[in-house]
Amino acid sequence: MEDLIEEGSIDLEDYDIIISATGNHNSNRWLNRYIHENKIYRPCFYLWNEPLDLGCHAAFISLRYNGCYDCFFDRDSTTNELYDRVSFSEPGQVITRNIRGCSNSFVPYSSNVSIKTVCLCIDLIDRYFTDRLNENILVSEKGDAYYFQKAGLKVSEVYSKQNSTIEYISGKDFKKIDCSICGD
């Protein structure tokens, strides 16, 4: 994706919307930076799953509103490790599983979670095209922690504090003042 965009094979301005469903935070952060640096006023929808049925997220991000994808990340004050502030998983855990060595590493999640993620995105896209989105927004759907905790993993405070199954967080509420991409 990055090479195609940088070499000009893909011009993001040619599209009405951009959907990034890679589930890869590094790719999404690159795309977010590219969109901001190049002042691309096409809205971007980011989708990602949490491991082991813990939940899923979809975000609508536009340059027109407060907050960006990079606002979801921060650095641990002790280790300086980058972590996802909106994750349902406690930072610092090894979640990948291996089959026959490191070449087959993967993060386990079910297809049901992917379907829920797509549904969150379709709802956001519908809201966008019917002029019902007037701010950046993160939608988080909380899943069942049974398999996650059975694997000996810990849920984050974000997961524990989310009382409803689906939560909507406004860009003005997730925006980081010191964000290196959209900060003041």
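Quick caveat: nothing in here was measured; it's all calculated off a predicted structure.

Participant: Help me understand the side chain of serine 156, please; the structure alone is not making it clear to me.
Facilitator: Looking at the secondary structure, you find serine 156 in the loop between α4 (146-150) and α5 (157-161). The class for serine 156 is buried, based on a relative accessible area of 6%. Within the structure, the side chain of serine 156 is placed 3.2 Å from the backbone nitrogen of valine 158, a separation counted as a polar contact. Discounting residues that sit within four places of it in the chain, serine 156 has contacts with Ser87, Phe88, Ser89 and Glu90.

Participant: Is there a simple way to explain the pairing of strand β2 (residues 44-49) in this structure?
Facilitator: Two faces, one strand: in a regular strand the side chains alternate between the faces of the sheet. Extensive coverage of β2 is indicated by the burial of five of its six residues. Examined bridge by bridge, strand β1 (residues 18-20) and β2 share three bridges and lie parallel to one another. Across the sheet, the residue bridging to isoleucine 19 is phenylalanine 45, located in β2. The handedness of the β1 to β2 crossover, carried by helix α2 (residues 25-37), is right-handed. Here six bridges tie β2 to strand β3 (residues 55-61), and the two strands are oriented antiparallel to one another. Residue pairing for β3: leucine 47 is matched across the bridge by alanine 58. Here β2 folds back onto β3 in antiparallel fashion, the turn holding five residues, of which leucine 52 has a positive phi close to 50°.

Participant: What exactly am I supposed to notice about the packing of aromatic side chains here?
Facilitator: One pair of aromatic rings is described through two measures. These are the centre distance and the angle between the planes. The full count for this structure, using the stated rule, is 14 aromatic pairs. Ring geometry for phenylalanine 60 versus tyrosine 65: centroids 6.4 Å apart, planes at 45°, classification tilted. Note on phenylalanine 60: relative accessible area 1%, which makes it buried. Classification of tyrosine 65 by relative accessible area gives partly exposed; the value is 29%. Taken together, a centroid distance of 5.4 Å and an interplanar angle of 80° make the contact between tyrosine 69 and phenylalanine 72 edge-to-face. In this pair, the class of tyrosine 69 matches that of phenylalanine 72, namely buried. A network of ring pairs unites the aromatic residues Tyr46, Trp48, Tyr69, Phe72, Phe73 and Phe174 as a single cluster.

Participant: I tried to follow the pattern of salt bridges on my own but got confused; where do I start?
Facilitator: Pairing between side chains of opposite charge can happen when their charged atoms approach one another. Scanning the model with the defined rule gives eight salt bridges in all. Between aspartate 126 and arginine 132 there is a salt bridge, with its nearest N and O atoms 2.6 Å apart.

Definitions and limits used
- Residues numbered from 1 in each chain as written.
- Predicted model: local features only at pLDDT ≥ 70, side-chain atom pairs only at ≥ 80, totals over all residues.
- Heavy atoms only, no water.
- Helix = DSSP H or I, 4+ residues; strand = E, 2+ residues; numbered from the N terminus.
- Buried < 20%, exposed > 50% of the residue type's maximum accessible area, 1.4 Å probe, protein only.
- Polar contact = N/O pair within 3.5 Å; in protein donor to acceptor, adjacent residues only side chain to side chain.
- Contact = heavy atoms within 4.5 Å.
- Pairing = 2+ DSSP bridges.
- Right-handed = clockwise from strand over helix to strand, strands pointing away.
- Phe/Tyr/Trp six-rings, centres within 6.5 Å; stacked < 30°, edge-to-face > 60°.
- Salt bridge = Lys/Arg side-chain N within 4 Å of Asp/Glu carboxyl O.

None of this, on its own, says anything about what the molecule does.
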